[in-house]
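Overview (structure and organization)
If you want the building blocks of each chain, they are given just below.
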Amino acid sequence: MGETDLVFVVAGAAALLAAALPGLIARLPVSLPVLFLASGVVLYLLPLPLPSPDPVEQRAATEHLTELCLIVSLMGAGLALNRPFGRRGWSSTARLLVVVLPVTTLAMAGAAQWMLGWPLAAALLLGAVLAPTDPVLASDVQVGEPVGPDDEHDDEEHDDDEVRFSLTSEAGLNDGLAFPLVLLAVALAGAGGRPGEWLGTWLAVDLLYKCAAGLVVGLLVGWLLGRMFFRAQRTSLRLAERNEGFVALAATLLAYGVAEAAGGYGFIAVFTTACAIRAAERSHGYHGVLHGFIEQIERLLTAWLLLLLGGYVATGGLADLTWQGAALGLLLLLVVRPLVGWLSLHRGLAGPRERRTIAFFGVRGIGSLFYLAYALGHADFGVSARSLWAVVTFTVLVSVCLHGLTSTPVLAWLDHLRKVRATTPGR
């Protein structure tokens, strides 16, 4: 069997497993990403003629595959949110974006300089790459299907719970908002660590203009598509009546492409487009059709990417990992994110248990892989690319296992407590 034939066999088998496994493991304390990651390790340990999974050698392919997976996941996250936008309802999200993202970046950059002795640009890049939570691998702690017309009887009863809503909305937005921080590291590396004329450009263009452009494009595309789907005068253009789910992929690619062409952040545009489409006719059952299709595409892409990531680990991807690099990843997952997240949610909507859960489940994954591949294609950071990949891969690996094995029992416990409080008088 040749390499190409084997790739088709593995890809098809992975697709079948992506469809079958969710039902089989629904009640087990294990997640789909853990199984695919382990499968990738086992597969690449076998003497088979498989393609190289090395993201250093295949940097461009890694960047574009992770990019596609991310935008698909962002569309799914936005379509799934049942809670309308509002200052109070989204206050936890705002805290996670405004406080946790930049503080985590700076904390990890400082730790990288201190523990690894890396140059400022490389340390800042590592912090920016590891700071955002992931909309792809965090599906086990995110909201489920959009609420349909037959389910929406009581806004409070059917609203997304605070834990799932906060983690979903955070992951939907902080991938785009991490881009300015990554570009800051790229600019710093290009300037040899010395701020100059690029600082003003970064503030005006990379931070302000690109974020605003992504937001405006997302709102505009989402509004136009929402009008078309639900209120078009011609029935043939009112796609909500035709139940074609692939339109979600069309909306994803359109929003991302227009935003990038306008010089904005496509990640922000895709998530904003999804939220705008959702708001156009919030209770319509077509949202479930769109979300169902995009979720299937996301699961398929995730399965393939995790097989490759597992293969990278099996073929020596962690060979350049030092104990300091491993300690840095553990510091993020066990100390920095939980502590900063917990402090940021003080006196917010989340109760004590929910606050601890939101702070703990800062899943790292595909977004970190994309940003690292992107940055390494735009600048030399004075550190071995394999050293950077080793630290990031280790952190993602631990996050997948740690959060994947704990998410099911923890959220089931919270759901049980919520039901007990709802049915117990005086509580």
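Residues numbered from 1 in each chain as written. Predicted model: local features only at pLDDT ≥ 70, side-chain atom pairs only at ≥ 80, totals over all residues. Heavy atoms only, no water.

At 3.6 residues per turn, the α-helix brings residues three or four places apart onto the same side. Across its 16 residues, helix 7 (residues 162-177) extends 21 Å between first and last C-alpha, which sits within 8% of the 22 Å expected from 1.5 Å per residue. Where helix 7 bends most, at alanine 171, the angle is about 25°. A side-chain oxygen of the first residue of helix 7 lies 3.2 Å from the backbone nitrogen of valine 163; this N-cap is aspartate 161. (Helix = DSSP H or I, 4+ residues; strand = E, 2+ residues; numbered from the N terminus. Expected span 1.5 Å × (residues − 1). Bend = angle between axes of the 7 residues up to and from the residue. Polar contact = N/O pair within 3.5 Å; in protein donor to acceptor, adjacent residues only side chain to side chain.)

Describing two packed helices takes the angle between their axes plus the distance from one axis to the other. The N-to-C vectors of helix 4 (residues 91-116) and helix 5 (residues 120-130) enclose an angle of 135°; their axes lie 7 Å apart at closest approach. Taken together, helix 4 and helix 5 sit at an angle that is classed as oblique. By crossing handedness, the relation of helix 4 to helix 5 is classed as right-handed. In this structure, helix 4 contributes Thr105, Met108, Ala109, Ala112, Gln113 and Leu116 to the contact, and helix 5 contributes Leu120, Ala123, Leu124, Leu126, Gly127 and Ala128. Considering only residue class, the contact of helix 4 with helix 5 consists of 9 nonpolar, 3 polar and no charged. (Axes fitted to C-alpha atoms, helices over the stretch in contact; angles between N-to-C directions. Parallel < 35°, antiparallel > 145°, perpendicular 65-115°, else oblique. Left-handed = near helix turned anticlockwise from the far one by under 90°. Contact = heavy atoms within 4.5 Å. Nonpolar A, V, L, I, M, F, W, Y, C, P; charged D, E, K, R; others polar.)

A few words now on helix 2 (residues 32-45). Relative to the 20 Å expected for 14 residues at 1.5 Å per residue, helix 2 spans 20 Å between its end C-alpha atoms, a close match to the ideal helical length. Those residues of helix 2 lying buried are Leu32, Pro33, Val34, Phe36, Leu37, Gly40, Leu43 and Tyr44. (Buried < 20%, exposed > 50% of the residue type's maximum accessible area, 1.4 Å probe, protein only.)

Glancing now at the pattern of salt bridges. What the rule picks out here adds up to 10 salt bridges. A salt bridge links lysine 210 to aspartate 206, with the shortest nitrogen-to-oxygen separation between them at 3.5 Å. With a gap of 4 residues between them, lysine 210 and aspartate 206 both fall in helix 9 (residues 198-231), about one helical turn apart. For lysine 210, a relative accessible area of 21% puts it in the partly exposed group. Arginine 231 is the partner of glutamate 281 in a salt bridge, and the nearest nitrogen-oxygen pair spans 3.4 Å. Here the residue glutamate 281 occupies a position in the loop between helix 11 (266-280) and helix 12 (286-314), and arginine 231 occupies one in helix 9, the gap between them amounting to 50 residues. Linked through salt bridges whose partners overlap, the residues forming this network are Asp161, Arg164 and Asp415. (Salt bridge = Lys/Arg side-chain N within 4 Å of Asp/Glu carboxyl O.)

Within the secondary structure, alanine 61 is located in helix 3 (residues 59-80). Relative accessible area serves as the criterion here: at 37%, alanine 61 is assigned to the partly exposed category.

The next point concerns the packing of aromatic side chains. Summed over all chains, the structure comprises 16 aromatic pairs. Taking the centre distance of 5.0 Å and the plane angle of 90° together, the rings of phenylalanine 179 and tyrosine 371 count as edge-to-face. With a gap of 192 residues between them, phenylalanine 179 in helix 8 (residues 179-190) and tyrosine 371 in helix 15 (residues 366-376) connect regions that are remote in the sequence. Just as phenylalanine 179 is buried, tyrosine 371 falls in that class too. For the pair phenylalanine 267 and phenylalanine 370, a centre-to-centre distance of 5.3 Å together with 65° between the ring planes defines the contact as edge-to-face. Note that phenylalanine 267 is positioned in helix 11 and phenylalanine 370 in helix 15, a separation of 103 residues in sequence. Phenylalanine 370 shares its class with phenylalanine 267; the two are buried. (Phe/Tyr/Trp six-rings, centres within 6.5 Å; stacked < 30°, edge-to-face > 60°.)

The share of residues in the protein chain with pLDDT of 70 or more is 93%, and the mean pLDDT across the chain is 88. Scored below 50 in pLDDT, residues 152-158 shows 8 contacts in the model against residues more than four places distant or in partner chains. (pLDDT = per-residue confidence, 0-100.)

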